[in-house]
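In case you want the letters, here they are:
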Amino acid sequence: MALKYHAPRGTSDLVFPESEKVERLVEIACEACALYGYRRVSTPVLESTGLFRRSIGEETDIVTKEMYTFEDSGGESLTLRPEGTAPVVRAYLEAGLRSEGLPQKLYYAGPMFRRERPQAGRFRQFSQVGAEAIGSEDPLLDVEMISLSVAIFDDLGLQRYTLLLNTVGCRACRPAYLEDLTTFLGDVSGRLCDRCRERAKKNPLRVFDCKEERCRETLKNAPVILDAVCSGCGRHFEEVISGLERLGVPFSVDKHLVRGLDYYTRTTFEFKFRDIGAQDTVSAGGRYDYLVEELGGPDTPAVGFSMGVERLVMAMDAQGLDPFGRRRLDVFIAGAPGVDRGRLLELLSRVRSEGVSADTDYMDRGLKAQLKQANRLDARLVVLLGPDEMERGEAVFRDLEESRQWEVPLTEVPARALDFLGGR
RNA sequence: GUGGACGUAGCUCAGUUGGUUAGAGCGCCGGGUUGUGGCCCCGGAGGUCGGGGGUUCAAAUCCCCUCGUUCACCCCA
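Note that this is a predicted model, so its numbers are computed, not measured.

K.L.:
It is not clear to me how the pairing of strand β4 (residues 77-80) should be interpreted in this structure. Could you clarify?
P.N.:
The two faces of a sheet get side chains in turn, since along a regular strand they alternate between them. With three bridges joining them, strand β2 (residues 46-48) and β4 adopt antiparallel strand pairing. From the neighbouring strand, Glu-47 faces β4, where its bridge partner is Thr-79. Note that strand β3 (residues 68-71) and β4 share four bridges and pair antiparallel. Paired with Glu-71 across the bridge in β4 is Ser-77.

So this is what it looks like as structure tokens:
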């Protein structure tokens, strides 16, 4: 308890069996991405600080107070990545992927870092699996992102999620809308809470998230972006909607859905789950048609989403899902007193060569304790060897579940073990 | 950054209005079978009661500070 070192606040160790459950879950998500034609991309966890300041937005909470930024000994400002999209776009540009043909469909998985106060579903180091499709403005690609998210939920057996959908316009229509909204907020300023007045300056759209009754009442007459969007954005949104309907993906339009990163344009979406705490968004994404250009590339539209792995796990737990099965050891090799350990070692190696997981005692335990260990490891088969058997050229196979045991010739142990394991 | 709750054994927790060597269940180790697990029985190891200071004859218990965990706000995956 009074240990000298702990995992840093907001980070945690993942130990068995959770470690392997999470690994499997990420694997399932990645397989779905591949099924949808996305290719893996891996970027460093460190990037130049400027990349994030530029892409996420100077005024956002992430950039102003949540980044792990430091200067390395060479004087360069580096930041532990707080999200995955900007690095992927940077990698796309750096590798010249445009020449590989468009759209470039990429997915990634890995840790992200944000220095926030931890709570249920929020950590300083967390993992995301995400996908990006760069180079097309086809609304069906927006639909694909959403249905990829749905596919991952389905593959994991997750149910009862809510999909919220909105559009935040483009540079043709958003500025005018923001101006209208700002004007409106200025007019009703006296009726808003302190927080909303602050938001009105920094990120006007956020006022719609306010839970204060008075603010909600006041904002009922506020202009809504969905109504103010230009014809291009309006048409795009309609096509996303009809695509979702075509696929039978239920959703609801949330006119006030706002994303926290500045680069989003047009479509934005969020998947929410119940019973996982206040941080209930498990997957979110949208279009970012200007980001590639913003980072120095040519005018290139793009869409993407990312999913919080820890929140996914919480949703699985909340729904009582554990599709990973129990992790069992195939064979435990136990040695009776006086046995030649060199022979055990040899046997262990031969069994493992057959692709059968195997372990043995390294604690100099008595036979009884070894059996106990085998039971603890949930071993499917115990191979027992003692001086007597050795002399006869035999080994004892013990089936822990059936409490039966029989002898097999020593030379046939690997093959017979395979038979036993395969025949169950 | 703000607010609430909580820190007793590896884990989950008891611990009466402050009162002797701080407990339980689970887990761990050993025994009950000269070489056989799971159930049962017996025994054992394991604790600076988060840390520091104070009050008191006496503090796990009361007070202050501190560190940590957790939930919520903010914000987000």
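There's plenty left to go through after this.
K.L.:
How should the layout of surface pockets be read in this particular structure?
P.N.:
Over the atoms, a rolling probe the size of a water molecule traces out where space has been left empty. Space inside the second largest pocket adds up to approximately 480 Å³. What lines the second largest pocket is a set of 18 residues, among which Ser-12, Leu-14, Val-22, Gln-125 and Glu-310 lie closest to the centre. Taken together, the elements giving at least two residues each to the lining of the second largest pocket come down to α1 (18-35), β6 (125-134) and α12 (309-318). Of the residues that constitute the lining of the second largest pocket, the class distribution is eight nonpolar, five polar and five charged.

K.L.:
Before we go on, may I ask you to explain the protein's contact with RNA strand B in this structure?
P.N.:
Lining the immediate environment of RNA strand B, one finds 49 residues, of which Arg-206, Gly-260, Asp-388, Leu-400 and Ser-403 sit closest. In RNA strand B, atoms within 4 Å of the protein come 52% from sugar and phosphate. Between Ala-278 and RNA strand B, the recorded distance is 3.0 Å, taken from a backbone N or O atom to a phosphate oxygen. One of the side-chain N or O atoms of Gln-405 is found 3.1 Å from a base oxygen in RNA strand B. Elements that contribute at least two residues to the surface near RNA strand B include exactly α3 (61-66), β6, α7 (194-202), β10 (281-287), β11 (302-308), α14 (367-376) and α15 (387-392). Here the surface near RNA strand B takes six residues from α14, the largest share from any one element. Grouping the amino acids of the surface near RNA strand B by side-chain chemistry returns 15 nonpolar, 13 polar and 21 charged.

K.L.:
Please explain the sheet that holds strand β9 (residues 265-273) as it appears in this structure.
P.N.:
Strand pairing in a sheet relies on backbone hydrogen bonds. The paired strands run either parallel or antiparallel. Pairing is mixed across the open sheet formed by eight strands, whose spatial order is β1-β5-β6-β11-β10-β9-β7-β8. Looking at strand neighbours, the two that pair on one side only are β1 (39-40) and β8 (252-253), the edges of this open sheet. Sheet strands in contact with α1 are β1, β5 (104-113) and β6, and its direction is about 160° off that of β5.

K.L.:
What should I look at first to understand α12 in this one?
P.N.:
Residue pairs spaced three or four apart in an α-helix point in one direction, given the helix's 3.6 residues per turn. Those residues of α12 not exposed but buried are Val-309, Arg-311, Leu-312, Ala-315 and Met-316. In a view along the axis of α12, the buried residues occupy a sector of 160°, so they form one face of it. Gly-320 occupies a position one or two residues after α12 and carries a positive phi of about 65°.

Here is what the cut-offs are and how they apply
- Residues numbered from 1 in each chain as written.
- Chains lettered and ligands numbered in written order.
- Predicted model: local features only at pLDDT ≥ 70, side-chain atom pairs only at ≥ 80, totals over all residues.
- Heavy atoms only, no water.
- Pairing = 2+ DSSP bridges.
- Helix = DSSP H or I, 4+ residues; strand = E, 2+ residues; numbered from the N terminus.
- 1 Å grid on protein atoms, 1.4 Å probe; cavity = no way out; pocket = protein on both sides within 12 Å on 5 of 7 lines; lining within 4 Å.
- Points joined across faces, edges and corners; volume = space filled by probe spheres on them.
- Nonpolar A, V, L, I, M, F, W, Y, C, P; charged D, E, K, R; others polar.
- Near = heavy atom within 4 Å.
- Polar contact = N/O pair within 3.5 Å; in protein donor to acceptor, adjacent residues only side chain to side chain.
- Contact = heavy atoms within 4.5 Å.
- Axes fitted to C-alpha atoms, helices over the stretch in contact; angles between N-to-C directions.
- Buried < 20%, exposed > 50% of the residue type's maximum accessible area, 1.4 Å probe, protein only.
- Arc of directions from axis to C-beta.

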